[in-house]
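Working through the structure, step by step
What follows is the residue order along each chain.
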Amino acid sequence: MKRRDFLEKWGLSSLKIKLPFLEGEFNPRDPDRAAAWELYVELLTRVTTQHLAPEDGDEEATLESVHAIFPLTRDILRGHGSGAGEFAKLAIPVLNQIIRPFTAKWHRRSLTGAFKDPERCREFRVELTALQPTLRGYTSALADMAQVEDLTTLEETGA
């Protein structure tokens, strides 16, 4: 399977990745599968993929949970080393192109008191809700890479 096909399968074809890379074969190895499993578990059990009812949670804690994907991914990459190249080629663009714009925007706003303003809190939740389907697709892609059953849609949500 080509990397392009793998990304399209999981709704991640909007990632800006150079054409020669996309046309390469997607061949995850054991370190890729182990790395994917580790991050899959993290994403599957966080607000990144799980419904957050309007009356529940806290915007600042939610932002911290989404941002925590950065150090988690870095630790996983370091832990599995260069043998997890296919995982890295997926994880790094997702961090930089999907998660970073969201966290950078809301981190700056949180520093200026945005989460004390109910309208900004609503805006944050709307943007989080818009981000979650892409992160669920990423989580499903990680399940596929790890060769495990995808439990991303196991639970009913209030959405």
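These lines cover the structure that appears in this document, whether it is placed above or below. Just so it is clear, the model here is predicted, and its values are computed rather than measured.

Remarks on the overall build of the protein
Across its full length, the protein holds seven helices and zero strands. Going residue by residue from the N terminus, the α and β elements of the protein occur as α-α-α-α-α-α-α. The globule rule puts the C-alpha radius of gyration for 159 residues at 15 Å, and the 16 Å found for the protein is close to it. Counting only C-alpha atoms, the protein reaches 50 × 30 × 25 Å along its principal axes. With 159 residues in all, the protein has 45% of them scored as buried. By sequence separation, contacts in the protein at least 24 residues apart represent 72% of the contacts at least 6 residues apart.

Digging into the nonpolar core
Core analysis: the largest hydrophobic core is formed by 44 residues, its most contacted members being Phe-87, Leu-90, Ile-99, Tyr-138 and Leu-142. Breaking this core down by element, the ones donating at least two residues are helix H1 (3-9), helix H3 (30-44), helix H4 (59-67), helix H5 (69-80), helix H6 (85-111) and helix H7 (118-146). No other element matches H7, which puts 11 residues into this core. Apart from the residues within four sequence positions on either side, Leu-90 is in contact with Phe-6, Leu-7, Leu-12, Tyr-138, Ala-141, Leu-142 and Met-145.

Quick look at unusual backbone geometry
In this model, Gln-147 sits at a positive phi of 60°, which is unusual for a non-glycine residue. With respect to the secondary-structure elements, Gln-147 resides in the segment after H7. Overall, Gln-147 belongs to the exposed group, its relative accessible area being 58%.

Digging into the side chain of Thr-48
Structurally, Thr-48 can be placed in the loop between H3 and H4. By relative accessible area, which is 0% here, Thr-48 ends up buried. A distance of 3.2 Å separates the side chain of Thr-48 from the backbone oxygen of Leu-43, its partner in a polar contact. Setting aside its immediate chain neighbours within four residues, Thr-48 contacts Leu-43, Val-66, Ile-69, Gln-132 and Leu-135.

Structural notes on H7
Given 3.6 residues per helical turn, the α-helix brings residues three or four places apart onto the same face. Compared with an ideal rise of 1.5 Å per residue, which puts 29 residues at 42 Å, H7 spans 40 Å between its outermost C-alpha atoms and is within 8% of the ideal. Helix geometry: H7 is bent most strongly at Gln-132, by close to 30°, with proline Pro-133 lying one to four residues after it.

Observations regarding the packing of aromatic side chains
Under the definition given, this model contains five aromatic pairs. Plain terms: the ring middles of Trp-106 and Phe-115 are 5.9 Å apart, the flat faces sit at 10° to each other, and that makes the pair stacked. Like Phe-115, Trp-106 is buried. Geometrically, the ring pair formed by Phe-115 and Phe-124 is edge-to-face, given 5.1 Å between the ring centres and 75° between the ring planes. Given a relative accessible area of 16%, Phe-115 falls into the buried group.

Re the side chain of Asp-32
The topology assignment puts Asp-32 in helix H3. A polar atom in the side chain of Asp-32 sits 3.2 Å from the backbone nitrogen of Gly-85. At a separation of 2.9 Å, a polar atom in the side chain of Asp-32 contacts the main-chain amide nitrogen of Phe-87. Ignoring any residue separated from it by four or fewer positions in sequence, one finds Asp-32 in contact with Asn-27, Gly-83, Ala-84, Gly-85, Glu-86, Phe-87 and Met-145.

Considering the pattern of salt bridges
Across all of its chains, the model carries nine salt bridges by this definition. One salt bridge connects Glu-127 with Lys-105, and the closest N-O pair in it is separated by 2.7 Å. Taken together, the residues span a long stretch of sequence, with Glu-127 in helix H7 and Lys-105 in helix H6 at a distance of 22 residues. Across the pair Glu-123 and Arg-109 runs a salt bridge whose closest N-O atoms are separated by 2.7 Å. Taken together, the residues Glu-123 in helix H7 and Arg-109 in helix H6 connect sequence positions 14 residues apart. For Glu-123, a relative accessible area of 22% puts it in the partly exposed group. One salt-bridge network, in which partners are shared between bridges, spans Lys-105, Arg-109, Arg-120, Glu-123 and Glu-127.

Procedures and definitions
Residues numbered from 1 in each chain as written. Predicted model: local features only at pLDDT ≥ 70, side-chain atom pairs only at ≥ 80, totals over all residues. Heavy atoms only, no water. Helix = DSSP H or I, 4+ residues; strand = E, 2+ residues; numbered from the N terminus. Rg over C-alpha atoms; globule rule 2.2 N^0.38 Å. Buried < 20%, exposed > 50% of the residue type's maximum accessible area, 1.4 Å probe, protein only. Contact = heavy atoms within 4.5 Å. Core = buried A, V, L, I, M, F, W, Y, C linked by side-chain atoms within 4.5 Å. Polar contact = N/O pair within 3.5 Å; in protein donor to acceptor, adjacent residues only side chain to side chain. Expected span 1.5 Å × (residues − 1). Bend = angle between axes of the 7 residues up to and from the residue. Phe/Tyr/Trp six-rings, centres within 6.5 Å; stacked < 30°, edge-to-face > 60°. Salt bridge = Lys/Arg side-chain N within 4 Å of Asp/Glu carboxyl O.

The quantities given are spatial measurements derived from coordinates; they are silent on function.
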